[in-house]
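Coordinate analysis (summary)
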Amino acid sequence: MKKLTLLFILLLTLALPTDLNSQEFNYFTIHFIQVPQENVSEVARLETTYWSKVAQSNIDSGKQSAWGLVARVGGGSDSWTHAFMNVYETAEQMAAANSNYDSKAILGIDPQDIATFDYIEGYGLTHWALRAFIPGYADFTVWNFGKPLNAVAFVNEQSNVWQPAFEKNMGGREFWGAALKINNVTEEYSTVLTMDGYETLAEAFRAMNGEIPNQPSPRSKVSEIMPNGFSSRVIVETLIWLTN
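Attention in this report is confined to the structure presented alongside it. (Residues numbered from 1 in each chain as written. Predicted model: local features only at pLDDT ≥ 70, side-chain atom pairs only at ≥ 80, totals over all residues. Heavy atoms only, no water.)

Let's shift gears to the environment of Ala202. Inspection of the secondary structure assignment puts Ala202 in helix α6 (residues 201–208). Between the C-alpha atoms of Ala202 and Phe140, which are 62 residues apart in sequence, the distance is 9.4 Å. (Helix = DSSP H or I, 4+ residues; strand = E, 2+ residues; numbered from the N terminus.)

What follows covers the pattern of salt bridges. Following the criterion strictly, the structure yields two salt bridges and no others. In this structure, Glu42 and Arg45 form a salt bridge, with 2.7 Å as the shortest nitrogen-oxygen distance. On the criterion of helical spacing, the pair formed by Glu42 and Arg45 is a turn pair, its members being three residues apart in helix α2 (residues 40–60). With relative accessibility at 22%, the residue Glu42 sits in the partly exposed group. For Arg45, a relative accessible area of 37% puts it in the partly exposed group. For Asp196, the salt bridge is made with Arg173, and the minimal N-O distance between the two is 2.7 Å. Placement of the pair is Asp196 in strand β7 (residues 192–198) and Arg173 in the loop between α5 (151–168) and β6 (175–183), with a sequence separation of 23 residues. By relative accessible area, Asp196 is classed as buried at 6%. (Salt bridge = Lys/Arg side-chain N within 4 Å of Asp/Glu carboxyl O. Buried < 20%, exposed > 50% of the residue type's maximum accessible area, 1.4 Å probe, protein only.)

For the rest of this paragraph, the subject is the pairing of strand β4 (residues 122–134). In this structure, strand β1 (residues 26–34) lies alongside β4, joined through nine bridges in antiparallel fashion. Paired with Phe28 across the two strands is Trp128, which belongs to β4. Summarising the sheet, β4 and β6 pair through seven bridges and their orientation is antiparallel. Residue pairing for β6: His127 is matched across the bridge by Asn183. (Pairing = 2+ DSSP bridges.)

This is the structure we're talking about:
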């Protein structure tokens with residue numbers, strides 16, 4: 001697992017532009033799914049046995065950069081339990097994603113025979129642009145979702161103010177990133193996401209509780225841009241990650 005995640009981090013590092021204010025951003029999707037407990041093992045079997053091979057084929061052929069499955073830590077019966085992430089180098093790759101998951105062409109297996117949708121109770125798909133990133137390794141990540149008054153101003157603040165601060169002092173983090181939602185943007189849901197990686201679940205819990213000392217404190221306007229703070233904070237665990 002550590003090797004797979006490290007490969008993902010290195011891939012993003014190589015692909016990210018040096019000027020994050022340019023328009024050459026990495027793109028990724030988060031596909032949220034709600035899996036009842038009794039179906040978790042079957043969904044995991046189908047994904048690891050079949051769909052991961054389809055994803056690896058797409059990665060090997062240059063159609064995307066990475067693919068992964070994470071599990072939410074905690075949550076209620078009416079919330080998403082897992083999420084798939086697909087990482088792309090370009091918007092064109094992300095736009096063509098739906099045509100790439102043809103298990104019949106890649107594995108010789110009809111998609112209906114290995115479909116997971118019969119085992120889930122809900123799903124949602126969001127599209128993002130990765131606007132700031134500091135590489136590292138972590139098994140657990142805190143996803144911080146927010147609805148700032150100005151989403152673009154928020155991610156610019158992350159890349160121009162917070163990234164330089166974290167480069168000097170990560171405050172216990174193993175990696176960090178910030179992203180802008182670019183599709184399925186509504187009044188109801190978040191428009192930005194920051195990601196804080198930690199080595200252990202206990203460290204993620206302590207970070208959520210404000211127990212980790214020596215946090216960077218740059219002169220930031222984030223409290224003005226997002227006065228109500230993050231709307232949702234969730235810990236996820238990486239279950240599988242594939243790269244080239």
